[in-house]
Amino acid sequence: MGSLENGVPVKRDPLLRSSSTKGLGFQRPILRFSRFLFFGKLDYLQWVCTVAVFCFFVVLFQMFLPGLVMEKSGDSLKKTENGYGDLSFIKNIGGLDFGEGIRFEPSKLLQKFQKEADEINHSSAPRLRQRLGYRKPQLALVFPDLLVDPQQLLMVTVASALLEMGYTIQVYSLKDGPVNAIWRNVGVPVTIIRNVAKSAAVVDWLRPTAFPIVLLLDQDIKGYVVSLFGNYDGIVVNSLEARGVVSCEPFKSLPLIWTISEGTLVTRLRQYTSTGKMELVNDWKKLFNRATAVVFPNYVLPMIYSTFDSGNYFVIPGSPAEAWEVDNFIASHRDSPRMKMDYGPDDFVIALVRSQFLYKGLWLEHALILQALLPLVVEFPVDNNSNSHLKIIIISGNSANNYSVAVEAIALNLRYPRGVVRHIAIDEDEADNVLAAADILIYGSFLEEQSFPGILIKAMSFGKPIIAPDLSMIKQYVDDRVNGYLFPKEKISVLTQIILQMISEGKLSPLVHNVASLAKDTAKNLMVMETVEGYASLFENLLKFPSEVAFPKDVTKIPPKLKEEWKWNLFAASAHSTYANRTLRSLRFLDKLEEQWSQSQTGGSGSVIAIDESFPYDIWEEEKLIGIANARKRREEDELKDRTDQPRGSWEDVYRSAKRADRAKNDLHEREDGELERTGQPLCIYEPYFGEGTWPFLHGTSLYRGIGLSTKGRRREADDIDAPSRLPLLNNPYYRDALGEYGAFFAIANRVDRIHRNAWIGFQSWRATAKNASLSKIAETKLLNAIQARKHGDTLYFWVRMDMDPRNPSQLDFWSFCDAINAGNCKFAFSEALKKMYGIKQDWDSLPPMPVDGDTWSVMQSWALPTRSFLEFVMFSRMFVDALDAQIYDDHHQRGHCYLSLSKDKHCYSRVLELLVNVWAYHSARRMMYVNPQTGEMHEHHKLKNRRGHMWIKWFSYATLKNMDEDMAEESDDEHPMRRWLWPSTGEVFWQGVYLREKNQRIQQKEKRRQQSKDKLSRMRRRSHQKVIGKYVKPPPEEDMENSNSTMV
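Rules of the game
Residues numbered from 1 in each chain as written. Predicted model: local features only at pLDDT ≥ 70, side-chain atom pairs only at ≥ 80, totals over all residues. Heavy atoms only, no water. Helix = DSSP H or I, 4+ residues; strand = E, 2+ residues; numbered from the N terminus. Buried < 20%, exposed > 50% of the residue type's maximum accessible area, 1.4 Å probe, protein only. Contact = heavy atoms within 4.5 Å. Pairing = 2+ DSSP bridges. Patch = residues over 30% accessible without salt bridge, like charges linked within 9 Å, V, L, I, M, F, W, Y side chains within 5 Å. Areas by Shrake-Rupley, 256 points an atom, 1.4 Å probe, with all protein chains shown as cover. Salt bridge = Lys/Arg side-chain N within 4 Å of Asp/Glu carboxyl O. Lys, Arg positive; Asp, Glu negative; His and termini not counted. Charge placed at Lys NZ, Arg CZ, Asp CG, Glu CD. Core = buried A, V, L, I, M, F, W, Y, C linked by side-chain atoms within 4.5 Å. Phe/Tyr/Trp six-rings, centres within 6.5 Å; stacked < 30°, edge-to-face > 60°. Axes fitted to C-alpha atoms, helices over the stretch in contact; angles between N-to-C directions. Parallel < 35°, antiparallel > 145°, perpendicular 65-115°, else oblique. Left-handed = near helix turned anticlockwise from the far one by under 90°. Nonpolar A, V, L, I, M, F, W, Y, C, P; charged D, E, K, R; others polar. Expected span 1.5 Å × (residues − 1). Arc of directions from axis to C-beta. Disulfide = S-S within 2.5 Å.

Draft legend 1. Looking closely at the overall build of the protein. If you tally the helices and strands in the protein, you get 40 helices and 25 strands. Sorting the 1049 residues of the protein into buried and exposed places 53% on the buried side. Partitioning the contacts of the protein with sequence separation of at least 6, the portion at a separation of at least 24 is 72%.

Draft legend 2. Just the sheet that holds strand S19 (residues 704-708), in detail. Here we have eight strands laid out as an open sheet, ordered S20-S19-S18-S21-S23-S22-S24-S25, and mixed in their pairing. Every interior strand has two partners, whereas the edge strands, strand S20 (721-722) and strand S25 (938-941), have only one. Relative to S20, S19 runs parallel, the two being bridged by two bridges. Pairing of Ile-707 across the sheet is with Ile-721, part of S20.

Draft legend 3. Quick look at a negative patch on the surface. On the surface, Asp-967, Glu-970, Asp-974 and Glu-975 cluster together into a patch of negative charge. For Glu-975, the location among the structural elements is in helix H38 (residues 958-975). The exposure class of Glu-975 is exposed, given its relative accessible area of 57%.

Draft legend 4. Representation of the nonpolar core in the model. Residues Ile-748, Trp-863, Phe-870, Phe-880 and Tyr-909 are the most contacted members of the largest nonpolar core, which totals 106 residues. For this core, the leading source of residues is helix H33 (residues 867-895), giving twelve residues. Core analysis: the next-biggest nonpolar cluster, separate from the first, contains 49 residues, Ala-161, Leu-162, Ile-316 and Leu-542 among them.

Draft legend 5. Molecular detail of the packing of aromatic side chains. With the rule as written, the count across this model stands at 46 aromatic pairs. Centroid distance Tyr-686 to Phe-763: 5.9 Å. Interplanar angle 35°. Geometry classified as tilted. Highlighted residues: Tyr-686 in strand S18 (residues 683-689) and Phe-763 in strand S21 (residues 760-763), separated in sequence by 77 residues. For Tyr-686, a relative accessible area of 1% gives the class buried. Where Tyr-838 meets Trp-955, the ring centres are 4.7 Å apart and the plane angle is 65°; that geometry is what we call edge-to-face. Pair noted here: Tyr-838 is in helix H32 (residues 826-838) and Trp-955 is in helix H37 (residues 953-956), with a separation of 117 residues, a long-range link. Taken together through their ring pairs, the aromatic side chains of Tyr-686, Tyr-742, Phe-745, Phe-746, Phe-763, Trp-863, Phe-870, Phe-873 and Trp-920 make up a single cluster.

Draft legend 6. View of unusual backbone geometry. A positive phi angle, near 65°, is found at Met-527, a position not held by glycine. Its location among the elements puts Met-527 in the loop between helix H20 (510-524) and helix H21 (528-542). Relative accessible area serves as the criterion here: at 6%, Met-527 is assigned to the buried category. The phi dihedral of Arg-790 falls on the positive side, at around 50°, and the residue is not glycine. Relative to the helices and strands, Arg-790 resides in the loop between helix H30 (777-788) and strand S22 (795-798).

Draft legend 7. View of the environment of Leu-301. Tracing the sequence through the fold places Leu-301 in helix H10 (residues 301-304). Accessibility expressed as a relative area gives 7% for Leu-301, which makes it buried. For the pair Leu-301 and Ile-260, spaced 41 residues apart in sequence, the C-alpha separation works out to 8.4 Å. For Leu-301, the residues in contact, after removing those within four places along its chain, are Ile-260, Ser-261, Glu-262, Gly-263 and Phe-296.

Draft legend 8. Structural context of a positive patch on the surface. Together, Lys-1016, Arg-1019, Arg-1022 and Arg-1023 line one region of the surface with positive charge. One can find Arg-1019 in helix H39 (residues 992-1022). Arg-1019 sits in the partly exposed class, given a relative accessible area of 48%.

Draft legend 9. Region of the structure containing the packing of helix H28 (residues 742-749) against H33. Packing of H28 against H33 leaves a shortest axis separation of 10 Å and a crossing angle of 125°. It follows from the interaxial angle that H28 and H33 lie oblique. The chirality of how H28 crosses H33 is left-handed. Residues Tyr-742, Phe-745, Phe-746, Ile-748 and Ala-749 of H28 form the contact with H33, whose own contacting residues are Phe-870, Leu-871, Phe-873, Val-874, Ser-877, Arg-878 and Val-881. Classifying every residue of the contact of H28 with H33 by side-chain character gives ten nonpolar, one polar and one charged.

Draft legend 10. Local environment of H20. Counted at 1.5 Å a residue, the expected span for H20 with its 15 residues is 21 Å, and the 22 Å between its end C-alpha atoms agrees. Where H20 is concerned, the buried positions are Val-512, Val-515, Ala-516, Ala-519 and Ala-523. All buried residues of H20 fall inside an arc of 100° around its axis, so they share one side. Projecting away from the buried face of H20 at angles above 90 degrees are the exposed residues Pro-510, Leu-511 and Asp-521. If you follow the buried residues of H20, they end up packed against helix H11 (321-332), helix H17 (454-461), strand S15 (485-487), helix H19 (493-502) and strand S17 (507-508).

Draft legend 11. Focus on the environment of Phe-357. Take Phe-357: it is sitting in the loop between strand S10 (348-353) and helix H13 (362-373). Taking relative accessible area as the criterion, Phe-357 reaches 11% and is therefore assigned buried.

Draft legend 12. Broad picture of the sheet that holds strand S7 (residues 256-259). Strand order in the open sheet made by the seven strands is S3-S2-S1-S6-S7-S8-S9, with parallel pairing throughout. The two strands at the open ends of the sheet, each matched to only one other strand, are strand S3 (190-192) and strand S9 (313-315). Neighbour-to-neighbour, the strand axes of the sheet open up by a mean angle of 25°, direction not taken into account. Pairing analysis gives six bridges linking strand S1 (residues 138-143) to strand S2 (residues 168-173), with the strands arranged parallel. Within S2, the residue paired with Val-142 across the bridge is Tyr-172.

Draft legend 13. Focus on the pattern of salt bridges. Taken as a whole and assessed by the stated rule, the structure comprises 25 salt bridges. One salt bridge in this structure joins Asp-327 and Lys-524, with 2.6 Å as the shortest N-O distance. Separated by 197 residues along the polypeptide, Asp-327 in helix H11 and Lys-524 in helix H20 bring together distant segments of the chain. Judged by its relative accessible area of 21%, Asp-327 is partly exposed.

Draft legend 14. Seen up close, helix H9 (residues 278-290). Its 13 residues give H9 an end-to-end C-alpha distance of 18 Å, which sits within 8% of 18 Å, the value for a rise of 1.5 Å per residue. Those residues of H9 lying buried are Leu-280, Val-281, Asp-283, Trp-284, Leu-287, Phe-288 and Arg-290.

Draft legend 15. The state of the cysteines, seen in detail. Taken as a whole, this structure holds two disulfides when the rule is applied. Two residues share a disulfide in this structure: Cys-818 and Cys-826, whose sulfurs sit 1.7 Å from each other. Here the S-S torsion is close to 75°, and the disulfide linking Cys-818 with Cys-826 is therefore right-handed. What makes Cys-826 buried here is its relative accessible area of 0%. Between the sulfur atoms of Cys-898 and its disulfide partner Cys-908 the distance amounts to 1.8 Å.

Laid out in structure tokens, this is it:
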């Protein structure tokens, strides 16, 4: 397991012992033992009792505890422990394990953070990158519901601090609830995703805005189907029920933080493993691996979920869950817990609890604590029934049943009266009754844990005085004799002194009640600062903010009140309403998931990975099988119809007829319904996409056609174009990511007449649909009418405006906006690319002017052009992309750094290329018409008469670009340069020489066929014919034969 120093399974085993030192014999333990006696760290009586108890239980545990079998002496003496003072000699004698090796360290994540920090500090980028910071960082918080529970309280507290730091937050939930009003009160908008119908769910998490479009969502949250706008910099998903969010392309690169506070899945995992349901285990493992970071509120949960750890586990200690559970318990249990446990009002109950981690030395620690409590027996005399009013309850979790026998044997050997010491095997989560009934709680583990024990928070929340060893994590929050009592772990006898001082005449002293009251106040808001600062630090290290995003304030600069207490006041009205259903809801969710898996196994699907998407896929498969059966039936009928007498002819005629029929048949089958409908249309709009996550945002009408940027993730049964098959460059993941939607432009333009036969061509990003900026039916009709009527001539129609882009809240001009989204280097990149394109050698830093005239520009690659103009634009774009790639490729491909981004970014070129069509259209004297995507109204921007004197027409004229294109084609065709060169791979290489060569090849092939025909005819003429052997005499007709026969008769 990548994040753990030692692999920790669900149950303790010998692998969790601390590191050993080899080569030890019996001499070292004896020397330690003698030093121990010499220095007298324990008083003589305590030592005698301890050794006697230990010797007795060595034999007892050998008999009763098979799970805690002692090792051989040779192995045990190889273990050396550190830091337990009085207990060190005991650990070496018995070979016991006291849990020092139990630690969780998010090593992989920490190394990743450090590596990225070093790369930024030592970056040798050729250009200084700037953060212009025109918008706030945006986060999405996803919940399965908005019921009141501790996780909601935690996230509301964290979100309040994040808002103060400068974040913008949006909450999404499947179901509404009381917390909706709380979130709105904090200032966070809430979107409820209605379960309108059963469908797969996908969210455009890449682009959130203030006007969400709610699509369809499945109850199981296999992947949210919500359309949002803007740029989410990260997603925080809460609860196991939110499994599968953004688990498909293109959202896999988006930072996803998954917070898990429940352990309900662990028990099910054991059942899955024992019953052979490994598909479910593997499915959960893939989902855990998808998260950028899986965050737990304590150090126990990552260890019990160790099966799924791929190095992305992280712990942010702190949660209001313990205090919340105690308040909920007190509000719902009116009866006295002491009466339920058969304790009277005069009984004095001491609860002895342990760490949540199991280790073999635990029983010895309990024995020492019981020995220290032995003097209390005298303080509580027995009653008439020989029963003592002193009650000591040992809570040790669901350990083996024979541990109760061991506890009774310890008590008996220490001469406790029968019935005083009792062992209860329950989990910490179920110990509320015992804690409520106890008068004092003693923490009986000496293990140095990484966070404050949750059982102590619960006891303090109940208002119970606590006694604990002076461990570093406990001393951080408990002041001795202020809000608790501490004793040195090296001197257990101090525990006896403390317990005797706390009790007066069989009751707790008033001072102890004051200490317990202060402890209750402390527990109410324990570790709030650690939680808030932990999440803020995690976001700072994990989220990579684009250059247009302002970096949030440091968490230390926000008001202290936001980090001192949980937001209890906001939840006071409904604090106990729905929390009890949280665990039941998780269990029901797991039950439903298992039921779906069982049904899929019965149906033969064999996989649970696509449980929620399987229904539409099954329909497609069934439809496909039906179509195959119908086609087979039609083919058989056609064959039967064709089995009729045919007119005779030569074999050559039959062959030609068969080939003609095959061609006609193939042509008919290749022309699908969508292609036939598009034939008569003047315009076809292509929608580039990558991955299944974009499917809900694609159109299915004949006006649109999808183009998949990857062979994987294409829509089934759809008339989509496979871009990599048309442009092999897109099989390279680097260029597929770097070019983005420009890869679709190059793929379509490559031998365009083979797939596109319409006079006009358009493109629309799937993000435009997610942003509610795609063309409505009215706008589509008006656009088609304008094109058919040739109303505006050679025009660029666009329908997504730059001034309405969420990345541009300050209404920046063209070049300023381009700089803002490209780390301040857009103008430099444009200038350098144009210099290389046009072969300018001297220093030149001019840019094509893009005036600020009150009009706007196109963004998000959503526009339409005449096909001829589109090919001209692609010709310009290919040369520009080649020049841009030449200056960026080396550093970006090798180290992932690009001076157009502040962090590693595989989509380095895409933000510059997104705006390139504006530069080309403006300076090539095309009209630019904005089409309102809702109403279809058209308005011309940057009118031609106002552009005079500002356009670089010679630079962008067709003649100039064509000459440059032919020069590059000639170089590629004749010289075949060995250097890395992108341009030949982006499309067709064609110049006059290629045309002449192909023409000569056709002439040569034609002459070759003509010569072959002449040679064939010549051979036929020279062929020697065999002489006639005999003459064939035609027999007379049958009637003549009959007449001749009758005459002869």
